[in-house]
Amino acid sequence: MIRVYVESIGLMAPGLQGWTDSKAVLTGATTYNGQALPRLSPTYLPPTERRRASTSVRLAVQVAQEALEASTRDAADLATVFASSDGDTEIIHNLCTSLATEEKLISPTRFHNSVHNAPAGYWHIAAGSPASSNSICAWDQSFAVGLMDAAVQVSTEQRSVMLCAYDMVVPEPLNKVRCTSIPFATAIILSAQKPAQGLAELRLSLKATDNDVSKVNIVELDNLVSKNPMARALPLLSRIAGKDPGHVLLQSTGSQKLCIEVDRP
Amino acid sequence: MLKPLFITATGIRSAIGHGGDETLQSLLDETSGLRPCDFDHVNLDTFIGRVDDIEKQVLPEALQDFHCRNNQLALMGLQHEALMARVQQARKRYGAERIGVFMGTSTSGILQTELAYQNRDSETGALPADYHYAETHVNFAVTDFVCRTLGLQGPALTVSTACSSSAKVFATASRYINAGLCDAALVGGVDSLCMTTLYGFSSLELVSDQPCRPADRDRNGISIGEAAGFALLETGAGGSPDAFALLGYGESSDAHHMSTPHPEGQGAALAMQAALTMARLDASEVDYINLHGTATQSNDRAEDRAVVSVFGDRTPCSSTKGWTGHTLGAAGIVEAIISMLCIQHGLIPASLNTKQRDADLQANIVLTQQRQGVRHVISNSFGFGGNNCALLFGSVAS
């Protein structure tokens, strides 16, 4: 069992624009409206980088910035775990389209932006942070696995870690084989010691169990799970928003599920 | 303080051969695996570290949807009797859910997507019906394939931090085992030739038109290679006389630029220092540094500054990319296994292809192969996005 504390959260998806403004929606106090996201332009990135960054990078940095600003942490010593199921499919689409032509000319910037750890690179450059950074994926389980990877770092290395889990809309024609139709991103700053003003205490373990994975009891929110793999974070986010102690069960890899016991901070 | 882990079995397939024995022989003979680019889909004036006969590798009947160059290469890298036997023993001893699988890759089976885009329906733009995205293209595909091939059911993830990917899996495995989430871990890395990396590095003008020449005055870029490598990590050596110990790791970020290293190698130095600190070793106790040594002007210069700032100018070091090429997401595991061979056989490889040592470099770049006792080795891997990882290995006796 791994115990970590949630210091702060960032969130960005249609109808869920920012953690603070979304709490009422997540608890069912306000109706979900699904309003589409505006063009994101996180101020944390220097203007030159903001121009160069792809929509995936801007989505990831947007939630990371929100979580950072709501915490007491200094970005320069915050380790990070970036989790994405599919990486930057818009860039993959552009590269593969160019590589299907006779000339095969591809843009160098687009190529270096195509690496799975591009958002992590942009973040650490903007933060001036030499701290360690992991970029992982585990298909539909990327949120659960990313959360566990961040928690494992918190517990074994006794340091604060930010998880940034994001997936952008998958473009044509790849959307026929991977139907991610909305953007969804959340960032969670975890620490080993109880913070003065935290959001929750989490106790994580991996279990082989036949019990059903958790769902959000709000149908409009539950529907998001089929539109973006990172929306599988919603049962956890909903419980934290409602300061509602209890269990959350998420599918993990192999035959295992991630069991999260959520407590008030 | 994390418990050190033992590497009880390995498997490797690269342009210089299949398994530790062939790899060692090639290192001793100084025969490079690089050859003029003859990869079907690419028309570039460069050299590549290609693995022969990947195309002929057949996947298990139940895993036909995973058919792609990267998973074929993964299977070739797994096919070592000692490794397979040790993994099955571990599965029996600990249980299928108690063995983690942590794989590094930068591009997984993207070649499959490149080919699918070349074969889009001319009217509808649709991708071919036999294109399997989840099983080939995504970065998790190789990890999924390895888990299914070996019947492993525990924690699994792909690390994709460009060219440090399969070094960082050792750190991930160490943490998961120390946190009690698994009792053993199979770590590895697989990256295979594709158009994205060959044309991509070429667009950045980082690809050499000759076999790469690390640390050479006239070095002008990388040679791209492909490889698969695996290592089984356990908490005890378990009577394996050839076991090695992972004594430390260090991870850092450059916070400098997406595709150019920090000019003074600050992040690289932090990673090496962190590995030493974790292993509680003094810099003087490291007998050999296997450099990232890509043979670009900027990497070799920055890494040299970093090495000298941590170790001074006496510790022998060399890059082995003149043999294998830069195997990108597989470089970490390939060079970890080479580092273990160096410890086992008392070998410090020469910097292959280095004709005229760059006078601007201060580190002790080894130009002639040395045979001597090697107790501890540091292996460096650095990736785009400024992602750095250093691993520190020793023999079980040390």
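Everything here concerns the structure above.
Residues numbered from 1 in each chain as written. Chains lettered and ligands numbered in written order. Predicted model: local features only at pLDDT ≥ 70, side-chain atom pairs only at ≥ 80, totals over all residues. Heavy atoms only, no water.

K.L.:
Run through the interface of chain A and chain B, naming residues and quoting values.
P.N.:
Facing the 58 residues of chain A at the interface are 56 residues of chain B. Where chain A abuts chain B, roughly 4,700 Å² becomes buried across the two surfaces, and 66% of that area is made up of carbon and sulfur atoms. Along the contact surface separating chain A from chain B lie one salt bridge. The partner of Glu157 of chain A in a salt bridge is Arg175 of chain B, with the nearest N and O atoms 2.9 Å apart. Counting across the interface, chain A meets chain B through 21 residue pairs in polar contact (both at pLDDT 80 or more). Among the secondary structure elements, those contributing two or more residues to the side of chain A that touches chain B are helix H4 (89-99), helix H5 (108-113), helix H6 (118-127), strand S4 (133-137) and helix H7 (142-157) of chain A. A total of eight residues in the side of chain A that touches chain B trace back to one element, the largest contributor, which is H7 of chain A. Each residue belonging to the side of chain A that touches chain B can be placed in one class, and the counts come to 27 nonpolar, 24 polar and seven charged. Looking at chain direction, S4 of chain A and strand S6 (residues 156-159) of chain B are connected through two bridges and run antiparallel. (Contact = heavy atoms within 4.5 Å. Buried area = accessible area lost by both parts, 1.4 Å probe. Salt bridge = Lys/Arg side-chain N within 4 Å of Asp/Glu carboxyl O. Polar contact = N/O pair within 3.5 Å; in protein donor to acceptor, adjacent residues only side chain to side chain. Helix = DSSP H or I, 4+ residues; strand = E, 2+ residues; numbered from the N terminus. Nonpolar A, V, L, I, M, F, W, Y, C, P; charged D, E, K, R; others polar. Pairing = 2+ DSSP bridges.)

K.L.:
Explain the side chain of Gln57 of chain B residue by residue, including any values.
P.N.:
With respect to the secondary-structure elements, Gln57 of chain B resides in the loop between strand S4 (47-49) and helix H2 (69-78). Excluding residues within four positions of it along the chain, Gln57 of chain B makes contact with His67, Gln72, Leu75, Met76 and Gln79 of chain B.

K.L.:
Go over the environment of Leu202 of chain A, please, and point to the residues and values.
P.N.:
Residues and elements named next belong to chain A. One can find Leu202 in strand S7 (residues 200-207). The class for Leu202 is buried, based on a relative accessible area of 0%. Placed 62 residues apart in sequence, Leu202 and Arg264 show a C-alpha to C-alpha distance of 8.8 Å. With residues up to four places along the chain from it excluded, the contact list for Leu202 reads Ile2, Arg3, Val4, Val6, Leu190, Leu236, Ile240, Ile260, Glu261 and Val262. (Buried < 20%, exposed > 50% of the residue type's maximum accessible area, 1.4 Å probe, protein only.)

K.L.:
Explain the sheet that holds strand S3 (residues 35-36) of chain B to me, using residue names and the numbers behind them.
P.N.:
All names here are of chain B. A sheet is described by the order of its strands in space; here three strands give the open sequence S3-S4-S8, paired in mixed fashion. Both edges of this open sheet fall to S3 and strand S8 (224-225), since each of them pairs with a single strand only. As defined by bridge partners, S4 adjoins S8 across two bridges and the pair is classed as parallel. Its bridge partner lying in S8, Ile48 is registered against Ile224.

K.L.:
Please provide a residue-by-residue account of the pattern of salt bridges, values included.
P.N.:
All names here are of chain B. Applying the stated criterion to the full structure yields 33 salt bridges over all chains. For Arg50, the salt bridge identified is with Glu55, shortest N-O distance 2.9 Å. On the accessibility criterion, Arg50 (11% relative accessible area) is buried. In this structure, the salt-bridge partner of Asp183 is Arg98, at a minimum N-O distance of 2.9 Å. Of the two residues, Asp183 sits in the loop between helix H7 (165-178) and strand S7 (184-191) while Arg98 sits in the loop between helix H3 (81-94) and strand S5 (99-104), which places them 85 residues apart along the sequence. The class of Asp183 is partly exposed, set by a relative accessible area of 25%. Each member of the salt-bridge network shares a partner with another, and the members are Arg35, Asp38, Arg50, Asp52, Glu55, Arg69 and Glu226.

K.L.:
Residue-level account of the pairing of strand S1 (residues 5-14) of chain B, with values.
P.N.:
Residue and element names in this part refer to chain B. The element S1 is largely enclosed, with a buried count of nine among its 10 residues. Sheet analysis places S1 next to strand S10 (residues 244-253), joined by three bridges and oriented antiparallel. In the sheet register, Ile7 faces S10, and the bridge partner there is Phe244. Judged from the seven bridges that link them, S1 and strand S9 (residues 227-234) form a sheet pairing that is antiparallel. Bridged to Gly11 within S9 is Phe230. From the end of S1 to the start of strand S2 (residues 17-18), which pair antiparallel, there are two residues.

Functional significance is not addressed by these values, which are geometric in nature.
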